[in-house]
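Summary of structural features
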Amino acid sequence: MTDILELISGLTRQAVQKTFGTDVGPLALEFAENAAHGDLTVNAFHLAKALRKPPPALAASLAAALSGQGPITKAEAVGGYVNLTLDRATLVDSAVRPVLDDAANAGRNNLLNGRSMLVEFSAPNTNKPQHLGHLRNNFLGDTVARILANAGAKVNRVNLINDRGIHICKSMLAYQQFGNGETPKTVGRKGDHFVGEWYVRFEKEFQLEVDAYIESNEAAFQSYFETHRLDRKGQPRVEADVRKEWRATFKEENFGKIPMGAAAQEMLRQWEAGDSSTVALWKEMNSWVFEGFDSTYRRLGISFDKIYYESEAYKLGRNLILDGLEKGIFSRRADGAVEIDLSDKGLGKKVVLRSDGTSIYITQDIGTTVAKAEEWKADGQIWVVADEQRHHFANLFAILVKMGYPWAGNLHHLAYGMVNLPEGRMKSREGTVVDADDLLDEVVALASEEIRRRDDQATDADIARRAESIALAALRFMLLKVLPSTTMIYNPKESIAFDGETGPYLLYTHARMTRMFAESGQSEHGGATKFDAGLLVEPSEIAIARVLLQFRQATERAARDYAPSAVAKWLVDIAQAANTWYQEVPILKAADPALRESRLVLAKAIAEAIAAGSALLGIQMVGRM
RNA sequence: GCACCGGUAGCUCAACUGGAUAGAGCAUCGGAUUUCUAAUCCGACGGUUGUGGGUUCAAUUCCCGCCCGGUGCGCCA
């Protein structure tokens with residue numbers, strides 16, 4: 001059937017053409033926020049430039065031309081706007097039917113038809129378990145992949161695990177020195193947590209050595225003081241301040257001078273040289289971590305088409321740079337380092353190969369990006385990575401453009417802000433990092449309590465199953481309803497308070513609607529044939545129809561802006577409209593059988609729309625709360 | 001110093017990329033329940049959109065200055 005929005009848009013375009021003799025092309029309609037402004041609005045200000053007439057006059061002529069056309073029962077000019085009111089029955093019918101026919105399709109759009117997109121996300125390190133920030137990353141990546149697929153793109157999702165480098169050597173070293181051959185199995189610990197604890201142990205032991213070194217090396221401070229005794233303006237500084245600064249920077253700058261640091265560096269050298277016992281230990285500890293990651297991903301409902309490992313990918317890119325050097329894209333400095341000048345892109349010069357010829361971080365990223373584009377035949381790539389790395393990605397993209405890849409203009413860094421707690425910032429040094437698994441357990445426990453309070457008949461197994469779903473919905477919705485770029489505060493208590501704009505609110509609304517339908521004794525199909533939109537004339541029913549019509553607009557915007565929050569917002573709108581309706585209007589108890597039937601069908605449509613929208617956010621419905 | 005991100009109701013967040021009276025949720029206060037599942041609904045209260053200019057018929061949105069917070073600016077990752 002013809003989409004009613006396209007129909008009205010077409011009528012408006014025709015009206016403009018007929019009245020002013022100019023075709024202004026497809027017209028965008030706005031949904032009226034205020035019921036007093038009708039259902040849809042044509043903004044005459046936007047037409048004013050093309051038609052060179054004052055907006056109020058335009059609006060008046062358009063209103064006259066549109067009134068009575070098709071389903072438009074009233075067209076009223078107010079200032080520079082034309083407010084359209086649609087025939088109630090047509091409005092309701094055209095909003096509900098598509099959802100009943102195919103709810104998933106009602107929210108589908110074709111913004112990215114024919115495109116092939118690659119979404120890279122998660123990217124954990126193997127030295128510790130995932131934390132709250134990874135949850136935001138995982139949910140964003142997974143959801144954006146769903147939203148792009150919903151917009152018609154072929155989407156593949158990949159993960160690049162950082163399994164090499166000094167950080168994993170720290171865990172390995174502490175384990176080697178203090179582990180006594182324990183394994184996750186012997187101590188009954190999840191593998192990634194187990195390895196993470198050895199990382200913490202390293203930091204602790206290392207800090208003891210640092211403290212000792214600082215205590216016994218006053219001479220080291222004195223030499224630092226010599227070179228830092230004056231401030232920027234050349235004024236003498238207070239010694240205590242300099243000492244504080246020295247302590248703060250000491251650890252990083254003297255890593256290799258401290259025994260544990262030196263040992264970790266040596267271990268990295270051995271790993272790179274392929275030393276068999278080092279590699280064996282590395283493999284064993286990584287396998288523990290991967291086991292832990294697997295179980296977390298499974299629990300979160302996150303999956304990947306492929307997982308890459310930096311240990312296999314870190315050498316990529318070097319040859320591309322050398323090729324580019326011959327072509328003159330890169331240049332060799334006097335000291336031997338290879339660099340590229342990005343000043344025409346508003347960036348500086350960027351080194352891409354060290355003077356000793358070895359790779360750096362961006363070299364690897366150039367290599368993996370090219371490899372991924374080829375492997376997946378992707379004409380666009382997205383990275384879900386924290387916003388601290390904006391500059392890195394700006395460099396990466398600018399370099400790839402200069403290298404001339406046809407897809408280089410189609411790369412996007414989906415930068416997201418930090419997630420903080422109400423108590424303040426998460427800091428690994430202060431042990432205030434929230435572990436992802438622990439957090440989920442906490443939310444599940446709270447959900448279980450709620451269920452138990454309301455349902456004393458449920459078995460433990462049943463409660464556990466329901467609590468898991470509700471907790472996941474709560475967590476996912478909380479993290480996705482905020483724009484990615486926003487530095488957000490996650491309040492665990494609020495997320496388990498099941499009222500307001502929450503996942504459980506959606507689940508509850510859905511359960512209410514489906515349960516009513518089930519209790520009515522109607523078969524799944526057949527009801528729709530008796531659906532009579534003309535009977536649904538209550539304001540709360542019209543309101544629902546208007547929200548349903550905005551489904552596609554929400555998914556389009558989500559795909560265009562990589563903003564799951566657009567879908568989340570729409571879900572809250574439809575749930576609110578549904579609950580208001582439920583409160584104000586008898587449905588199962590409606591006296592007239594035909595009316596009862598039509599309302600039940602509406603309830604079904606609402607439930608399916610909520611399920612479809614939630615599915616885009618990776619949120620599964622539950623049978624009962 | 002330079003660049004980027006942000007500053008909107010007491011709190012957490014929106015505002016369809018320049019459009020109508022800046023909207024939700026939480027919190028607070030007042031109402032609705034012999035229920036169709038009240039994990040709900042209705043109402044009230046709450047704003048000089050950090051600040052000062054500018055552009056525009058129209059600015060939370062664009063431009064410039066300033067203030068505050070955050071993050072970057074490596075031959076680290």
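Summary of the structure given here.

So, how was this worked out
- Residues numbered from 1 in each chain as written.
- Chains lettered and ligands numbered in written order.
- Predicted model: local features only at pLDDT ≥ 70, side-chain atom pairs only at ≥ 80, totals over all residues.
- Heavy atoms only, no water.
- Near = heavy atom within 4 Å.
- Polar contact = N/O pair within 3.5 Å; in protein donor to acceptor, adjacent residues only side chain to side chain.
- Helix = DSSP H or I, 4+ residues; strand = E, 2+ residues; numbered from the N terminus.
- Nonpolar A, V, L, I, M, F, W, Y, C, P; charged D, E, K, R; others polar.
- Phe/Tyr/Trp six-rings, centres within 6.5 Å; stacked < 30°, edge-to-face > 60°.
- Buried < 20%, exposed > 50% of the residue type's maximum accessible area, 1.4 Å probe, protein only.
- Lys NZ or Arg CZ within 6 Å of the ring centre and 35° of its normal.
- Expected span 1.5 Å × (residues − 1).
- Axes fitted to C-alpha atoms, helices over the stretch in contact; angles between N-to-C directions.
- Left-handed = near helix turned anticlockwise from the far one by under 90°.
- Contact = heavy atoms within 4.5 Å.
- Pairing = 2+ DSSP bridges.
- Salt bridge = Lys/Arg side-chain N within 4 Å of Asp/Glu carboxyl O.

Our next topic: the protein's contact with RNA strand B. Around RNA strand B, 55 residues are found, and the nearest of them are Tyr 81, Asp 335, Phe 498, Tyr 582 and Lys 589. The sugar-phosphate backbone supplies 62% of the atoms of RNA strand B found within 4 Å of the protein. One of the side-chain nitrogen or oxygen atoms of Arg 333 is found 2.9 Å away from a base nitrogen of RNA strand B. Within the backbone of Pro 586, one N or O atom sits 3.1 Å away from a base nitrogen of RNA strand B. The set of elements that each furnish at least two residues to the surface near RNA strand B consists of strand S2 (40-43), helix H2 (45-51), strand S4 (81-86), helix H17 (390-402), strand S14 (488-489), helix H21 (503-519), helix H23 (551-561) and helix H24 (564-584). Per element, the largest residue contribution to the surface near RNA strand B is seven residues, and it comes from H21. For the surface near RNA strand B, the per-class residue count stands at 20 nonpolar, 16 polar and 19 charged.

A complete count under the given rule lists 20 aromatic pairs for this structure. Measuring from centroid to centroid gives 5.6 Å for Tyr 175 and Trp 288, while their planes differ by 80°, and the two rings are edge-to-face. You can see Tyr 175 sitting in helix H7 (residues 166-178) and its partner Trp 288 sitting in helix H13 (residues 276-300), a full 113 residues away along the chain. Of the two residues, Tyr 175 and Trp 288, both sit in the buried class. Ring pairing ties together the aromatic residues Phe 121, Phe 293, Tyr 297 and Phe 304, which thus form one cluster. When the ring centre of Tyr 314 is taken as origin, the NZ or CZ atom of Arg 164, which lies over that ring, is 3.8 Å away. The cationic tip of Arg 201 hangs over the ring face of Phe 178; the distance from NZ or CZ to the ring centre is 4.1 Å.

This brings us to the environment of Leu 100. With respect to the element layout, Leu 100 can be found in helix H4 (residues 88-101). Leu 100 sits 209 residues away from Tyr 309 along the chain, and the two C-alpha atoms are 44 Å apart.

What follows is about helix H6 (residues 132-150). A rise of 1.5 Å per residue sets the reference length of H6, with its 19 residues, at 27 Å; its end C-alpha atoms lie 27 Å apart and thus fit the reference within 8%. Gly 152 sits one or two residues past H6 and shows a positive phi near 100°.

Let us now look at unusual backbone geometry. The residue Ser 122 is not glycine, and still its phi comes out positive at about 85°. Along the chain, Ser 122 turns up in the loop between strand S5 (116-120) and H6. One non-glycine residue, Asn 180, adopts positive backbone phi at about 50°. Secondary-structure assignment places Asn 180 in the loop between H7 and helix H8 (184-187). For Asn 180, a relative accessible area of 73% gives the class exposed.

On to the packing of H13 against helix H18 (residues 436-454), then. Two elements in contact, H13 and H18, have axes whose closest approach is 11 Å; the angle formed by their N-to-C orientations is 40°. The element H13 and its partner H18 pack so that their crossing is left-handed. Seen from H13, the contacting residues are Thr 296, Arg 299 and Leu 300; seen from H18, they are Asp 437, Leu 440, Asp 441 and Val 444. Looking at the contact of H13 with H18, its residues break down into three nonpolar, one polar and three charged.

The next subject is the pairing of S2. Burial along S2 is two-sided: the residues Leu 40 and Val 42 and Thr 41 and Asn 43 are all buried. As defined by bridge partners, strand S1 (residues 30-31) adjoins S2 across two bridges and the pair is classed as antiparallel. Residue Phe 31 lies in a different strand from S2, and its bridge partner there is Leu 40. Judged from the four bridges that link them, S2 and S4 form a sheet pairing that is antiparallel. Note on S4: the bridge partner recorded for Leu 40 is Leu 84.

Attention shifts here to the pattern of salt bridges. Once their charged atoms are close, side chains differing in charge can pair, the charge on each being opposite to the other. Within this structure, the stated rule accounts for 39 salt bridges. The salt bridge involving Lys 170 is made with Glu 203; its shortest N-O contact spans 3.2 Å. With Lys 170 in helix H7 and Glu 203 in helix H9 (residues 191-216), this pair connects stretches of sequence that are 33 residues apart. Taking the relative accessible area as the measure of exposure, Lys 170 reaches 12% and is therefore buried. Glu 239 is the salt-bridge partner of Arg 243, the closest N and O atoms lying 3.3 Å from each other. Note that Arg 243 and Glu 239 are positioned in helix H11 (residues 239-253) at a spacing of four residues, about one turn of the helix. Using a relative accessible area of 25% as the deciding quantity, one classes Arg 243 as partly exposed. Exposure remark for Glu 239: the relative accessible area of 35% places this residue in the partly exposed category.

Distances and angles like these do not, on their own, reveal function.
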